[in-house]
Amino acid sequence: MPELKNLPASPDASRAGPLGIAVIGCGRISGAHLAAVAALPGQVRLVAAVDADLSAAQAAAKPLGALALTSLDEALSLPEVEAVLVATPNALHFEQCLAALRAGRHVLVEKPVAETGEQAAALAREAETRGLVLAAGHTFRHNAAVRHIMDNRESFGRLRALEVSSCVKWDGPQAPWWAERKPEEGLILSLFAPHALDFVQLVMGQDDPVRVHVEAARHQSGWQGEDEAMILMAYPGRRMASVHISYNQPSVLDRKVLHFDKGVLEIEHGEILSWNGDVLVAPPEGVLLDPRAMGGRTLGHYFRDQLREFAAAVRGEAHRCPTGHDAARLIFLIDRVKASARANSAADAIDPPLDIVPA
């Protein structure tokens, strides 16, 4: 099942020199993207950093000798900006991506591409019409373990089931807007589930699930939405997938288990790939420091590889980014996931469990 995708060469694909980008949004996640830019000087360069808070834009721009701006329109007026990297709160993604595409710029957007499948599909159509790249920032597909699975997919046999467990500990909102999201908008299902669901979609190929069932709950009072969820999906061919995500687990867990008719593939700590217990892929020294602790893994290589793949996509070369309608399919799946959670566990997602209600 080949994963590499080719796009028609874009109008600026033959342009010499590194890809000029503007980073839109200079909050917590932008640091990882900016570090990736700095690590790839021959392939990308930062033209501008944009944030409504000028001081944040200046702090992001100065180390890379870029401009600090306060509006997307300012960035889109610069001919040196060939692409934008959108790293703003989820609710802003659709309008900002649409503006960039209409201005003739390629787009790499932090997951999710948009808040709804219909919005994501509209962006995909806009990009396709204009011959531009719209790529979703599903960072955790960009490492050696995942690449090995996809490059050798047929050798493992027929897939029967897939389990993903992604558990971390966020003791409250990591950005103010996390606390402002309404329960119906989804918290962990919008912010964290896309990582796991992107992997499921990648492995399952072009099939969408025939059934989706979700249970969700909130265990912390610092936000309004759910912070833990279990997702069960049935796929054509009697294949099954389960996803457990949590913001409440102090012992970090990142495990993917793929059950084939010839054996079992496992990715432990996001990096160590084993086949029937034999290690196939291991990360370089220094990547896994203390992987069961928050911050115990280095993640820079994911962001570097993602940006490298995006630059290849813009040049019309083979790449591993989810783009266009492929990226939109995931948002339609997330729509189904959130709808199931609302139908099955709305009360649990809204009300804290009795044992943590203040006395």
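In this report, we go over the structure that sits alongside the text. As the structure is a computational prediction, the values presented were derived from the model and not from experiment. (Residues numbered from 1 in each chain as written. Predicted model: local features only at pLDDT ≥ 70, side-chain atom pairs only at ≥ 80, totals over all residues. Heavy atoms only, no water.)

**Points about the overall build of the protein chain**
Per the secondary structure count, the protein chain includes 11 helices and 14 strands. Against the 2.2 N^0.38 benchmark of 21 Å for 359 residues, the protein chain shows a C-alpha radius of gyration of 20 Å, consistent with a compact globule. Along the first, second and third principal axes, the C-alpha atoms of the protein chain reach 55 × 50 × 40 Å. Evaluated residue by residue, the protein chain yields a buried proportion of 55% over its 359 residues. Contacts spanning at least 24 positions in sequence make up 71% of the contacts within the protein chain whose residues lie at least 6 apart. Counting only carbon and sulfur atoms, one obtains 55% of the accessible surface of the protein chain, whose full area is about 15100 Å². (Helix = DSSP H or I, 4+ residues; strand = E, 2+ residues; numbered from the N terminus. Rg over C-alpha atoms; globule rule 2.2 N^0.38 Å. Buried < 20%, exposed > 50% of the residue type's maximum accessible area, 1.4 Å probe, protein only. Contact = heavy atoms within 4.5 Å. Areas by Shrake-Rupley, 256 points an atom, 1.4 Å probe, with all protein chains shown as cover.)

**Overview of the environment of Val-252**
Positionally, Val-252 belongs in strand 11 (residues 248-260). On the accessibility criterion, Val-252 (9% relative accessible area) is buried. Measuring from C-alpha to C-alpha, the distance between Val-252 and Ala-293 comes to 5.6 Å, with 41 residues separating the pair along the chain. Those residues in contact with Val-252 that lie beyond four places of it in its chain are Cys-167, Val-168, Pro-291, Arg-292, Ala-293 and Met-294.

**Digging into the packing of aromatic side chains**
All told, the structure shown has nine aromatic pairs when counted by the stated rule. Seen from their ring centres, Phe-156 and Trp-275 are 5.0 Å apart, and the 45 degrees between their planes marks the pair as tilted. Of the two residues, Phe-156 sits in the loop between helix 6 (144-151) and strand 7 (159-169) while Trp-275 sits in strand 13 (residues 272-275), which places them 119 residues apart along the sequence. Each member of the pair, Phe-156 as well as Trp-275, is classed as buried. Look at Trp-178 and Trp-223: their rings are 6.4 Å apart centre to centre, the planes differ by 40 degrees, and that puts the pair in the tilted class. One end of the pair, Trp-178, is in helix 7 (residues 176-180); the other, Trp-223, is in the loop between strand 8 (211-217) and strand 9 (228-235), with 45 residues separating them in the sequence. Each of the two residues, Trp-178 as well as Trp-223, counts as buried. Taken together, Trp-170, Trp-178, Phe-192, Trp-223 and Tyr-247 form an aromatic cluster joined through their ring pairs. (Phe/Tyr/Trp six-rings, centres within 6.5 Å; stacked < 30°, edge-to-face > 60°.)

**Remarks on the sheet that holds strand 10 (residues 239-246)**
Taken in spatial order, the eight strands of this open sheet run 8-9-10-7-11-12-13-14, and their pairing is mixed. Strands at the two margins of the open sheet, each flanked by one partner only, are strand 8 and strand 14 (278-281). Strand-to-strand twist across the sheet, computed as the mean angle between neighbouring axes with direction ignored, equals 15 degrees. Of the pairings in the sheet, the one linking strand 8 to strand 9 comprises seven bridges and is antiparallel in character. Among the inter-strand pairings, Ala-217 is bridged to a residue of strand 9, identified as Glu-228. (Pairing = 2+ DSSP bridges. Axes fitted to C-alpha atoms, helices over the stretch in contact; angles between N-to-C directions.)

**A look at the nonpolar core**
Soluble globular proteins: nonpolar side chains tend toward being buried together. Ranked by size, the top nonpolar core spans 80 residues in total, and within it Val-113, Leu-189, Leu-197 and Met-233 carry the most contacts. For Val-113, the contacting residues outside a window of four places in its chain are His-93, Phe-94, Ala-120, Leu-123, Leu-134, Ala-136, Ala-327 and Ile-331. Listed in part, the 29 residues of the second largest apolar core include Ala-49, Ala-135, Ala-311 and Ala-313. (Core = buried A, V, L, I, M, F, W, Y, C linked by side-chain atoms within 4.5 Å.)

**A word on the environment of Pro-41**
Here Pro-41 lies in the loop between helix 1 (30-39) and strand 2 (44-50). Under the relative-accessibility criterion, Pro-41 is labelled exposed at 60%. Linking Pro-41 and Glu-228, residues 187 residues apart in sequence, is a C-alpha distance of 39 Å.

**Looking at the pairing of strand 9**
The buried count for strand 9 comes to six of eight residues, which makes it a mostly enclosed element. Hairpin connection, strand 9 to strand 10: the antiparallel pair is bridged by three residues, and Gly-237 has positive phi, about 80 degrees.

**Description of the side chain of Asn-143**
Tracing the backbone shows Asn-143 in the loop between strand 6 (134-137) and helix 6. Not counting residues within four places of it along the chain, the set of residues in contact with Asn-143 comprises Gly-270, Glu-271, His-301 and Tyr-302.

**Regarding the environment of His-325**
Here His-325 shows up in helix 11 (residues 324-350). Given the relative accessible area of 38%, His-325 is considered partly exposed. Separated by 185 residues in the primary sequence, His-325 and Phe-140 have C-alpha atoms spaced 19 Å apart. Those residues in contact with His-325, other than ones at most four positions away along the chain, are Ala-121, Ala-124, Arg-125 and Glu-128.

**Concerning the sheet that holds strand 2**
Spatial strand order, 3-2-1-4-5-6: six strands in an open sheet with parallel pairing. Both outer strands of the open sheet, strand 3 (67-69) and strand 6, are each paired with one neighbouring strand and no more. Across the sheet, the mean angle from the axis of one strand to that of its neighbour is 25 degrees, orientation sign disregarded. Pairing geometry for strand 2 and strand 3, over three bridges, is parallel. Note that in strand 3 the partner of Ala-48 across the bridge is Leu-67. Packed onto the sheet, helix 10 (residues 300-314) meets strand 1 (19-24), strand 2, strand 4 (83-86), strand 5 (106-110) and strand 6 and runs at close to 155 degrees relative to strand 5.

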